[in-house]
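Now for the letters of each chain:
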Amino acid sequence: MKQFIYLDTDIVTSIIAQAEKGYITQQTSENGTETQKSNDLTISAETEAGSKGGFLKILEAEAKASINGEFQHGKTVQSSTKEIVEKTLHDAAFDIAYSYIKPSYVTIGNQDNDEEGNYLEIRRVFDFVDFDYLERLFEEDGIIDLLKKSSAEEIEKSANEKTAECNREQLRKASTNIKKELKKAISINNKQYDDLSVIIKAFRGLIPYTRMLISSDGYLIPLDDKYFRVDPSSLGFKYGGEMTCVGMVTNIIGESTDPADKKNIFATMQFTVNEILRKILPTSEGDLCVIHPIAVFYGD
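Cut-off values and rules
Residues numbered from 1 in each chain as written. Predicted model: local features only at pLDDT ≥ 70, side-chain atom pairs only at ≥ 80, totals over all residues. Heavy atoms only, no water. Buried < 20%, exposed > 50% of the residue type's maximum accessible area, 1.4 Å probe, protein only. Helix = DSSP H or I, 4+ residues; strand = E, 2+ residues; numbered from the N terminus. Pairing = 2+ DSSP bridges. Lys, Arg positive; Asp, Glu negative; His and termini not counted. Salt bridge = Lys/Arg side-chain N within 4 Å of Asp/Glu carboxyl O. Polar contact = N/O pair within 3.5 Å; in protein donor to acceptor, adjacent residues only side chain to side chain. Contact = heavy atoms within 4.5 Å. Core = buried A, V, L, I, M, F, W, Y, C linked by side-chain atoms within 4.5 Å. pLDDT = per-residue confidence, 0-100.

Every regular strand shows the same layout, with side chains that alternate between the two sheet faces. A large share of strand β8 (residues 219-223) lies buried, amounting to five of its five residues. Where strand β7 (residues 211-214) lies against β8, four bridges are found, and the strand directions are antiparallel. Across the sheet, residue M212 finds its bridge partner in β8, namely P222. Hairpin connection, β7 to β8: the antiparallel pair is bridged by four residues, and G218 has positive phi, about 100°. Looking at chain direction, β8 and strand β10 (residues 288-299) are connected through two bridges and run parallel. Residue pairing for β10: Y219 is matched across the bridge by C289.

Okay, structure coming up:
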């Protein structure tokens, strides 16, 4: 069984519609004044004639569940019930879409299928990056200020222990130097946090996404908040371990990649940005492979 963390239902629908040569043009639900209910599904004529049926069965089930939900439940319960039904149907739709795209399973060290347009299935222990969360750490009186304060106290404590071993004459001579060294040590300690803040802000300018997954072997997976099945703000805390991502390769940022036209300032700038990303992101590979995710989930 799969537990979906992320599911792009728009892509799932598109894959099935293309494979079954049909698509939904309209789905409406209207309440009558009493107990009447209408639910219309408008699909292409080609679908009715030649569909394999997977998509239509899902739509018919969704319509039937929606109608039953309207008659049998109050507004609050009805809304909850319909949401559960929709999620269940979308989960089933993913399996149908998966059977059409047949993604290549990527083992560690074997990236032969990393080409733009290919569908991949990647099972890894990903690093989850949430830029909103990271930026909040650097707010005034946030956790980073606390870490700086704690580190400064440790440095001062260590310095005090060393000066306690000196006699009065040694302490008088060394007092000025000790204060300078203490100030320098605290400054160096604080700088490592300040540098991290600069890197995070630079990332926000380079990557137009708030959240993403990164694997140690070079897979970069930007995530759109719209398609999360869980609260994305808690993902880094609540979820970890091995996950599976199914998606399409949309870009390869390679060490040997050059802008097609070096006279084109925009192409040159994009190449420079890509090089910065490739050097900063923690990966054991020379190339970064950007994946447009369809789904991220636990289980099989």
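On to the side chain of D114. Among the structural elements, D114 can be located in the loop between β4 (104-106) and β5 (119-125). Nearest to the buried, unbridged D114 among oppositely charged side chains is R124, at 7.7 Å. Here the side chain of D114 touches Y219 through a polar contact of 2.9 Å, side chain to side chain. Contact partners of D114, with chain neighbours within four places excluded, come to L120, Y219, I252 and C289.

Okay, the environment of D10 next. Inspection of the secondary structure puts D10 in helix α1 (residues 9-19). Take D10: its relative accessible area is 41%, and that puts it in the partly exposed class. With sequence-adjacent residues up to four places away left out, D10 is seen in contact with K226 and Y227.

Our focus in this paragraph is the nonpolar core. I291 and V296 are the most contacted members of the largest nonpolar core, which has 23 residues in total. Mapped onto this core, the elements with two or more residues apiece are β1 (2-7), β5, β8, β9 (242-253) and β10. Those residues within four positions of V296 in sequence are excluded, and the remaining contacts are Q3, F4, I5, Y6, L213, L223, M243, T244 and C245. Counting residues in each nonpolar core, the second largest holds 14 residues, with L7, I16, I96 and A97 among its members.

So, on to the confidence of the model for the protein. Averaged over all residues, the pLDDT of the protein is 74; the fraction at 70 or higher stands at 61%. Confidence scores differ between elements of the protein, with helix α2 (residues 45-50) showing the lowest mean pLDDT of 42 and β5 the highest of 95. Here residues 25-52 scores under 50 on pLDDT; set against residues more than four positions off or in separate chains, the count is 53 contacts. For the stretch residues 67-74, pLDDT sits under 50, and the model shows twelve contacts to residues farther than four places along the chain or on other chains.

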